[in-house]
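An overview of the molecular structure
The lines below spell out each chain.
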Amino acid sequence: MANIKVNGETVSVDAEDSTPLLWVLREHLGLTGTKYGCGIAQCGACTIHVDGQPVRSCTYPVGALSGEEEITTIEGLSEDGSHPVQQAWVEMDIPQCGFCQPGMIMAVAGLLNNKPDATDEDIDQQITNICRCGTFARVRKGIHLAKTKKA
Amino acid sequence: MGDTIKLSRRNFIIGTGATGLTIGILASCSPGESADTPTPPMADAEPVPEVNAWVHIKPDDTVTIRIARSEMGQGTLTGLAQLVAEELECDWEKVTTEYPTPGENLARDRVWRDFSTGGSRGIRGSHDYVREGGAAARLMLIQAAATRWGVPVSECSVAKGVITHGPSGDTLTYGAVADDASKITPPTDITLKDPSEWTIIGQPKQRLDTVDKTTGAQKYGSDIMLDGMLNAAIKQPPKRGATLASFDESAIADMPGVRKVVEIDGQFPGVAVVADYWWQAKTALDALPIEWTPGEGSDFSSSAFEAELDEGLEAEEAFVGNKIGDVDAAFDSAAQIVEARYNAPLQNHACMEPMNATAIWTEDKCEVWCPTQNGEAALAAAAEAAEIPIAQCDVHKLLLGGGFGRRGMNDYVTQVVKIAKQMPGTPVKLLWTREEDMEHGFYHPITKARCQGALDADGNLTGLKIRISGQSILSGLMPQALNDGMDAFAFQGLLPSGVDARAEDQTLKYTFPAVLFDHAMRNPPVRPGFWRGVNANQNAIYLECFMDELAHAAGRDPLEFRLAHTQDSPQLAAVLQAVADKSGWGAEDGLSRGLCAFYSFGSYTAACAEVTVSEEGELKIHRIVAATDPGYAVNPQQIDAQVAGSFVYGLSAALYEEVTFEDGEVQQKNFNTYPSMRIAAMPEVETIVMPSGGFWGGVGEPTIAVAAPAVLNAIYAATGKRIRQLPLKDQSLRDA
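Residues numbered from 1 in each chain as written. Chains lettered and ligands numbered in written order. Predicted model: local features only at pLDDT ≥ 70, side-chain atom pairs only at ≥ 80, totals over all residues.

**Quick look at the domain arrangement of chain B**
Residue and element names in this part refer to chain B. On domain assignment, one finds that chain B holds domain 1 (46-215), domain 2 (221-295 + 355-431) and domain 3 (302-315 + 324-347 + 443-719). Once you take the C-alpha centre of each, domain 1 and domain 2 turn out to be 37 Å apart. Each partner contributes residues to the interface: domain 1 has 16 residues there, and domain 2 has 21 residues. Of the residues belonging to the side of domain 1 that touches domain 2, the class tally is 6 nonpolar, 8 polar and 2 charged. (Domains from an automatic or database assignment. Contact = placed C-beta atoms within 7 Å. Nonpolar A, V, L, I, M, F, W, Y, C, P; charged D, E, K, R; others polar.)

The following block contains the structure:
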């Protein structure tokens, strides 16, 4: 039984220590916005924030958490979908199937946390999420649009 | 859509809204713990006011448009709703959508007709009857208002869901008369609007399903949680044709959460571990000792299969798909003969959401929740596996986390029902790992082509031969669709016009004096599938890269050379010219350009790729200008999204994607060995949507075909080296 802090709330989780955080979030806490796409930290569909930094939760064992870390999932990124990245995503009508987008949005929000003026080069290096529908053209524009928005 | 899946609403554990609340709800629900009095999932929650099958209107004027086709990212939900709303004359701001179930369709004599979503047919295959559905509802609503007022219908008009009686100025909203309208006999004489009158069709409306996809609220099949649900992980025979010999259940009996180990027999066999949580099921399955018995195809090697494909390129016998003029005479009298060989490998769909389905089985009922491109086929698969009459089964569709043709197959539905059948009354969710998804796909077919062209002394193309050797999709999936053994669909985009009305949307639009296109069918023991763009993808490479080779061999400009064969297709010429003009074809600006034009799925598409290749052979695709003429453009901004996305799917395939087999087993198990394009490699895409009207073409697939050839031709322009082997990864783009 471990205590972890998710979206501002401390919760108690009964999962084996080796269980990836992704499955704790999805199965134990019902936070299914975070997706399983590959299980080997390749696709980024499972991206969440740990203390504001983007992390691929599919390879992050829950036992590695101390309980002090602030974990943020797509459900907790904003209360009402008003995070600048979410606003930009709606305005640009970015999602197609949408399955990769929670991870994409969390990765982008993490990038902009660290680099509010992220350049195309920053995007190329740090946004490595896979989107099979191919929303990348709008994602790039969406990132630049998000930079101009306020929460 | 997230909260509109009405039949299952009460049974969902909704993970949306305030997270505190969510966690509260979920903490109290342990897996496998059935509710005291389970709610019968098939019972309807509340009656929805129905004007007709397509249109439901609530008293608050909310319009729910019922959509039969599956949304997998292509935007069909929004596009089809636009078609209905156009004729309904409702307020677009009040439109929502909902899926009827395949069971409901069956019970109502298929009132929604076809649920199948593939072949870029969502809109072009149903635009007439869904618009008629909207128009019929409008006429009934106006009639209801006129009756209530006691005035002639001819004195009434409607705009944005408000009916006005002209002489008195009285108004009634759709919501106020929907109930009355539902009791009116549907009209039979319906005249659809002229396209010039459209105000919703043709507009770049925002998608109806965007917001939930940005907050995590959107529920996909893999997100389903039902009361008392258990989770299953599956292992299927790694080698082609292998069957299960044995497994040692005792080895994992004490592992956390394990409830049952089940064998899945039949066409899609495997072993599944059912546990409280999926991660437990997967962990236990990984530890389960399983023995497999090799079968036919268990020694298959794709590299060894190359020889069979090469033999097919030379074989005496082949199915003739298109024959025009005297091709032998053209070659006999040629001043120059050009020959080249190309290949296209096996590829996996690799939908972002791995295959999954959820089922609950009891002796007299079976219900399934799943992402599927074909709800009716999923229902049939469920009923067959359940061994229960189809009328006692139903399928609840969820939005797909990618489809691309993969989810037209319902193997995972069969599997989950076979698992659930061994645990009566317990809902079970089956989720494949990415590795299972990679190893058990329905792959893009493997083919090679030998292309031969005859040029006269003036550089005119007098004869063209393309021999395709390789796999047939129809032979593998629906042999009943073969014509005397021939797979006509193998000639997608190369077929003669005026021969088969069903294939008129996949015909050759160039005019050539003499051609012979034939197919030596060579099938590996690997199941093929319809893979976004299907056979148009490689056929466009074979035709359009070779056209480029011919142009250069003839010493002619590739644009001019192509346009010289478009005399019977002004639309093909138009898209080609449009991309050339917009790109600045012929400009000397340090960029190398490559062209491609193709007709498939009823639409004309063209692309001009602008690339550079460094001295070290590193490719950079700077920009692609793409044009598409789908006849009518229902939602131009979604067409733009599909066109741009098509370059990701098409170029990812051309650059990186190949599935290979050794000893019957797929070698690429995940995205680390089956790379997919990332944003850094994505070129800028400039889309020209140029609907010429008068026909309804597809949008989701046609552009895939032009992606690879345009880039390959641009690489040649940059380097002088022809790349004929796909994918490009691990190849030198410049001569060493």
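**Looking at the environment of alanine 503 of chain B**
All names here are of chain B. Within the secondary structure, alanine 503 is located in the loop between helix 13 (473-477) and strand 20 (515-521). Overall, the presence of 16 C-beta atoms within 10 Å leaves alanine 503 in the partly exposed class. For the pair alanine 503 and threonine 358, spaced 145 residues apart in the sequence, the C-alpha separation amounts to 36 Å. With residues up to four places along the chain from it excluded, the contact list for alanine 503 reads Ala488 and Leu495. (Helix = DSSP H or I, 4+ residues; strand = E, 2+ residues; numbered from the N terminus. Buried ≥ 20, exposed ≤ 12 C-beta atoms within 10 Å, placed from the backbone.)

**With respect to unusual backbone geometry**
In the segment running from leucine 726 of chain B into proline 727 of chain B, the intervening peptide bond is cis, with an omega of -5°. Position of proline 727 of chain B relative to the elements: it lies in the segment after helix 18 (704-719).

**So, the domain arrangement of chain A**
By a frequent convention, interface size equals the accessible area lost on bringing the separate parts together. Residues and elements named next belong to chain A. Domain assignment breaks chain A into domain 1 (2-76) and domain 2 (84-147). One C-alpha centre belongs to domain 1, the other to domain 2, and the line joining them spans 20 Å. Between domain 1 and domain 2, the residue contacts involve 15 residues of the former and 13 residues of the latter. At the level of secondary structure, the elements contributing two or more residues to the side of domain 1 that touches domain 2 comprise strand 3 (47-50) and strand 4 (53-56). Looking at the side of domain 1 that touches domain 2 element by element, the count peaks at 3 residues for strand 3. When the residues that make up the side of domain 1 that touches domain 2 are grouped by side-chain class, the tally is 6 nonpolar, 8 polar and 1 charged.

**Section: the interface of chain B and chain A**
Listed as interface residues are 53 residues of chain B and, on the opposing side, 53 residues of chain A. Only helix 1 (19-27), helix 6 (212-215), helix 7 (278-287), helix 17 (636-655) and strand 26 (684-689) of chain B provide two or more residues apiece to the side of chain B that touches chain A. Broken down by element, the residue count for the side of chain B that touches chain A peaks at 8 residues, all from helix 17 of chain B. Looking at the side of chain B that touches chain A, its residues break down into 25 nonpolar, 21 polar and 7 charged.

**Things to note about the sheet that holds strand 3 of chain A**
Residue and element names in this part refer to chain A. If you trace the 5 strands from one edge of the open sheet to the other, you get 2-1-5-3-4, paired in mixed fashion. At either margin of the open sheet sits one strand with a lone partner, and together these are strand 2 (9-13) and strand 4. Between one strand axis and the next, the sheet turns by 40° as a mean value, whatever way the strands run. Across 2 bridges, strand 1 (residues 2-6) lies against strand 5 (residues 70-72) in parallel orientation. Along strand 5, the bridge assignment pairs valine 6 with isoleucine 71. Sheet strands in contact with helix 3 (residues 101-114) are strand 3 and strand 4, and its direction is about 35° off that of strand 3. (Pairing = 2+ DSSP bridges. Axes fitted to C-alpha atoms, helices over the stretch in contact; angles between N-to-C directions.)

**Comments concerning the sheet that holds strand 26 of chain B**
Residues and elements named next belong to chain B. If you trace the 4 strands from one edge of the open sheet to the other, you get 21-22-23-26, paired in mixed fashion. Taken across any chain shown, the strands that pair with only one partner, and hence form the sheet edges, are strand 21 (592-600) and strand 26. Pairs of neighbouring strands in the sheet enclose a mean axial angle of 15°, with direction left out of account. Strand direction decides the pairing type here: strand 23 (residues 619-629) and strand 26, joined by 6 bridges, are parallel. For arginine 623, the partnering residue across the bridge sits in strand 26 and is glutamate 684. In the packing of helix 17 onto the sheet, the strands contacted are strand 23 and strand 26, and the crossing angle to strand 26 comes to about 135°.

**Thoughts on the pairing of strand 5 (residues 162-165) of chain B**
For a regular strand, the rule is simple: side chains alternate between the two faces of the sheet. Residue and element names in this part refer to chain B. With 4 bridges joining them, strand 4 (residues 156-159) and strand 5 adopt antiparallel strand pairing. Pairing of serine 157 across the sheet is with threonine 164, part of strand 5. Counting the residues in the hairpin turn of strand 4 and strand 5 gives 2 residues, including lysine 160, whose phi is positive at 45°. Note that strand 5 and strand 6 (residues 171-173) share 3 bridges and pair antiparallel. In the strand pairing of strand 6, threonine 164 is matched with threonine 171. Counted between consecutive antiparallel strands, the loop separating strand 5 from strand 6 contains 5 residues, among which glycine 169 sits at a positive phi close to 80°.

**What to know about helix 11 (residues 411-420) of chain B**
A large share of helix 11 of chain B lies buried, amounting to 10 of its 10 residues. When helix 11 of chain B is considered as a whole, its buried residues turn out to be Asp411, Tyr412, Val413, Thr414, Gln415, Val416, Val417, Lys418, Ile419 and Ala420 of chain B.

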